[in-house]
Every structure is written in C-alpha cells, then in structure tokens.
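# An overview of the molecular structure
The lines below spell out each chain.
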Amino acid sequence: MSEKLTVRLKTLHCYQNDEEKFDDIFLKFNGKKIWPKDKKHEDVRINTKHALEVDLLGLTPNEEVSIEVWDHDVISPNDLLGTAYFVPDKPGGPYTVDMRPVNDTETARYSIDWEIL
C-alpha cells in the first residue's frame, strides 16, 4: 500500500474576473464544494488574493487532482469557469497552478497556490 498525501490549497488569485464587478466564486473537488466553507460563494474581484486553507486528504501520489472554479448564479445555472490540474508526488511546495479556462471564449483567469504536506 502506498503512502497517501495531503494537499493544502493555500491561496486563490484572481487575475481577471468573468463578471463586470466581481465573480461569485466557489471551488469544487470530486464533485463536492470545498470553498468557501461557511457560505455559498465568495465575492472575488480582479487582482485579489483569497486565503483558502483547504486540506485534501488521502490523495494517491502521482494521480492528477482537479479543482473546479465555479461562478455562482442566482437566475441561471452556475458557470464552470475552468479547472486547475496538478499532480502531487511528494511533500513540498508551495506551488502555483493556473486554471485552464473551460473554452476559448472564457475571460476569467485564476490560479491556486498549493503545497503537499
């Protein structure tokens, strides 16, 4: 049996938001919302950083992890803005990964700082 890893998501950076003033962001991992923990979404504006402090437990080394960046909508369905992919291997970091936009027309740009414990 191989050793399991814990990845700590540290910071969300917004370089360009999707909406005019701010995005109503939440993050998902394996189909479950992981951030923010105490509300539906976080108002995220351009050129801001947001502390995450989310631990992903029991990860298998060298298996891809994907964190989805969503924009919460009230009237229409929520929008998947993109996904951040990374492959944890051994304790270390911090590292930064850029979100891959869901398509070529997506304007939002986010990155996530993370480390392996």
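Quick caveat, the model's predicted, so the values are computed rather than measured.

Definitions and limits used
- Residues numbered from 1 in each chain as written.
- Predicted model: local features only at pLDDT ≥ 70, side-chain atom pairs only at ≥ 80, totals over all residues.
- Heavy atoms only, no water.
- Phe/Tyr/Trp six-rings, centres within 6.5 Å; stacked < 30°, edge-to-face > 60°.
- Helix = DSSP H or I, 4+ residues; strand = E, 2+ residues; numbered from the N terminus.
- Buried < 20%, exposed > 50% of the residue type's maximum accessible area, 1.4 Å probe, protein only.
- Contact = heavy atoms within 4.5 Å.
- Pairing = 2+ DSSP bridges.
- Axes fitted to C-alpha atoms, helices over the stretch in contact; angles between N-to-C directions.

### Here's the deal with the packing of aromatic side chains
Here a ring pair, both rings aromatic, is described through the centre-centre distance and the interplanar angle of the planes. A complete count under the given rule lists three aromatic pairs for this structure. Ring geometry for Phe-86 and Trp-114: centres 4.0 Å apart, planes at 25 degrees, overall stacked. With Phe-86 in strand S7 (residues 79–86) and Trp-114 in strand S10 (residues 109–116), this residue pair connects regions lying 28 residues apart in the sequence. Taken as a pair, Phe-86 and Trp-114 share a single burial class, namely buried. Each ring, one from Tyr-95 and one from Trp-114, has its centre 4.8 Å from the other, and the planes form 40 degrees; the classification is tilted. Placement of Tyr-95 in strand S8 (residues 92–98) and of Trp-114 in strand S10 is noted, with a sequence separation of 19 residues between them. Tyr-95 sits in the partly exposed class, given a relative accessible area of 34%. Of the residues examined, Trp-114 reaches a relative accessible area of 6% and is grouped as buried. Three or more aromatic residues link up through ring pairs in this structure, and these residues are Phe-86, Tyr-95 and Trp-114.

### What about the environment of Pro-101?
Inspection of the secondary structure puts Pro-101 in strand S9 (residues 100–101). Residue classification places Pro-101 among the partly exposed residues on the basis of a relative accessible area of 30%. Distance in space between the C-alpha atoms of Pro-101 and Glu-64 is 17 Å, their sequence separation being 37 residues. Dropping the residues within four chain positions of it, Pro-101 is found in contact with Leu-81, Gly-82, Glu-106 and Arg-109.

### Section: unusual backbone geometry
Going from Trp-35 to Pro-36, the amide bond is cis rather than trans, its omega being -5 degrees. The phi torsion at Asn-30 lies on the positive side, around 55 degrees, for a residue other than glycine. Within the secondary structure, Asn-30 sits in the loop between strand S2 (23–29) and strand S3 (32–35). Asn-30 gets classed as exposed once you look at its relative accessible area, which sits at 65%.

### Examining the sheet that holds S8
Across a sheet, paired strands are connected by hydrogen bonds in the backbone, their directions being either parallel or antiparallel. Taken together, four strands build an open sheet; the order of strands is S5-S1-S10-S8 and the sheet is antiparallel. The strands lining the two open edges of the sheet, one partner per strand, are strand S5 (48–59) and S8. For this sheet the average axis-to-axis angle between neighbouring strands, irrespective of direction, equals 20 degrees.

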